[in-house]
Amino acid sequence: MNICLIGMPSSGKSVLGKMLAKRRKMTFLDLDTLIQKNTGKLLREIIAEEGREGFLRLEEETGASLSVENTVIAPGGSICYGEKAMRHLQKISRVIFLDIPYEEMLKRIGDPVKRGVAIPEGFTLKDLYEERTALYRKYAEYTLEERGLSSGACVQKIMQYLDSAE
Ligand SMILES: Nc1ncnc2c1ncn2[C@@H]1O[C@H](COP(=O)(O)OP(=O)(O)OP(=O)(O)O)[C@@H](O)[C@H]1O
Ligand SMILES: O=C(O)C1=C[C@@H](O)[C@@H](O)[C@H](O)C1
Ligand SMILES: [Mg+2]
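Every value quoted in this text rests on a predicted model; they were computed, and no experiment measured them. (Residues numbered from 1 in each chain as written. Chains lettered and ligands numbered in written order. Predicted model: local features only at pLDDT ≥ 70, side-chain atom pairs only at ≥ 80, totals over all residues. Heavy atoms only, no water.)

A word on the overall build of the protein chain. When helices and strands are tallied, the protein chain shows seven helices and five strands. When the helices and strands of the protein chain are placed in sequence order, the string is β-α-β-α-α-β-α-β-α-α-β-α. Whereas a compact globule of 166 residues would reach a radius of gyration of roughly 15 Å, the protein chain reaches 15 Å, a difference of no more than 12%. Its C-alpha atoms give the protein chain principal-axis dimensions of roughly 45 × 35 × 25 Å. (Helix = DSSP H or I, 4+ residues; strand = E, 2+ residues; numbered from the N terminus. Rg over C-alpha atoms; globule rule 2.2 N^0.38 Å.)

As structure tokens, this is what we get:
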């Protein structure tokens, strides 16, 4: 089985995903990296050429056709807009939502534009946070409340959940 970590940019999908993969002897896969490998382009080049919508379609297709085993999958934060991808990820993996408070995200994230966050026209970061949080919750079988926890404690809680719900 695979594990898929979803959540806002800077919620810890990469950091916690790599720690989890090491602890459970699994492979770590970053979906952004896979998209770049498949297309031979950087994400910002894809977004510049195809726009936000084009990128989201590509991200959805990549997520929906993923075929891996024993892998911790870390998709980009915008994967929640791809219904087809999320349904597939639910089938092939245990989907876990890394929930961080809005204020914590602001502290960690730096400049969202530089980080490549796909913010629609007229949306604030707060709007985006609220819209996505509802979607992440909808697709996840477990929500990890990160508030106040160290990264080690986060991994411990995820491990406990996975072991208890096998
Ligand atoms: N409890 C915690 N859990 C996870 N990360 C934490 C925690 N506390 C602080 N951090 C820091 O928050 C950052 C999380 O960044 P990370 O790149 O893992 O997020 P991400 O979800 O992969 O973001 P992106 O969607 O941009 O790829 C790291 O710099 C990490 O050190
Ligand atoms: O949260 C987002 O909107 C994104 C996050 C990145 O990981 C990339 O997947 C892309 O730049 C979009
Ligand atoms: Mg990451």
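On to the site of ligand 2. Ligand 2 sits among Pro9, Asp32, Leu43, Phe55, Glu59, Gly76, Gly77, Ser78, Gly116, Val117, Ala118 and Arg132. A distance of 2.5 Å separates an oxygen atom of ligand 2 from a polar side-chain atom of Asp32. Arg132 places a polar side-chain atom, nitrogen or oxygen, 2.7 Å from an oxygen atom of ligand 2. Residues that form the shell around ligand 2 fall into these classes: five nonpolar, four polar and three charged. (Near = heavy atom within 4 Å. Polar contact = N/O pair within 3.5 Å; in protein donor to acceptor, adjacent residues only side chain to side chain. Nonpolar A, V, L, I, M, F, W, Y, C, P; charged D, E, K, R; others polar.)

All right, on to the site of ligand 1 then. Close contacts around ligand 1 come from 16 residues, with Ser10, Lys13, Ser14, Val15 and Leu149 the closest. At 2.8 Å from an oxygen atom of ligand 1 is found a main-chain nitrogen or oxygen belonging to Ser10. Separating a nitrogen atom of ligand 1 from a side-chain N or O atom of Glu146 is a distance of 3.5 Å. Relative to its free-state accessible area of 650 Å², ligand 1 is covered by the protein chains to the extent of 70%. Counting residues per element, the ones that place at least two in the shell around ligand 1 are helix H1 (13-23) and helix H7 (151-164). The dominant element in the shell around ligand 1, judged by the number of residues it contributes, is H1, at four residues. (Areas by Shrake-Rupley, 256 points an atom, 1.4 Å probe, with all protein chains shown as cover.)

Turning our eyes to something else, we now look at the nonpolar core. With 28 residues, the main nonpolar core has Ile6, Leu66, Ile79, Met86, Leu89, Val95 and Met105 as its most contacted residues. For this core, the secondary-structure elements that each account for two or more residues are strand S1 (2-6), helix H2 (31-39), helix H4 (83-92), strand S4 (93-99), helix H5 (102-109) and helix H6 (125-139). Sort the elements by how many residues they give to this core and H6 lands first, with six residues. The residues contacting Leu89, other than those within four sequence positions of it, are Cys4, Gly63, Leu66, Ile73, Pro75, Ile79 and Val95. In terms of nonpolar packing, the next biggest core, distinct from the first, is built from 17 residues, Leu16, Ala21, Val72 and Ile96 among them. (Core = buried A, V, L, I, M, F, W, Y, C linked by side-chain atoms within 4.5 Å. Buried < 20%, exposed > 50% of the residue type's maximum accessible area, 1.4 Å probe, protein only. Contact = heavy atoms within 4.5 Å.)

What follows covers the UniProt feature "binding site: substrate" (unreviewed entry) in the protein chain. This chain's UniProt record puts "binding site: substrate" (unreviewed entry) on Asp32, Gly77 and Arg132. Here Gly77 lies in the loop between strand S3 (71-74) and H4. By relative accessible area, Gly77 is classed as buried at 12%. Look past the residues within four positions of Gly77 in its chain and what remains in contact with it is Gly7, Lys13, Arg132 and Tyr136. (UniProt positions renumbered as here; feature names shortened; annotations may be inferred.)

Where H5 meets H6, the axes come as close as 11 Å, and the angle between the chain directions of the two elements is 120°. In this view, H5 runs oblique relative to H6, as classed from their interaxial angle. Note that H5 runs across H6; the crossing there is right-handed. Of H6, the residues touching H5 (which contributes Tyr102, Met105 and Leu106) are Leu125, Lys126 and Tyr129. Each residue belonging to the contact of H5 with H6 can be placed in one class, and the counts come to five nonpolar, no polar and one charged. (Axes fitted to C-alpha atoms, helices over the stretch in contact; angles between N-to-C directions. Parallel < 35°, antiparallel > 145°, perpendicular 65-115°, else oblique. Left-handed = near helix turned anticlockwise from the far one by under 90°.)

The buried count for S1 comes to five of five residues, which makes it a mostly enclosed element. As judged from the five bridges shared by S1 and S4, these two strands associate in the parallel manner. Directly across from Ile3, in S4, lies its bridge partner Arg94. (Pairing = 2+ DSSP bridges.)

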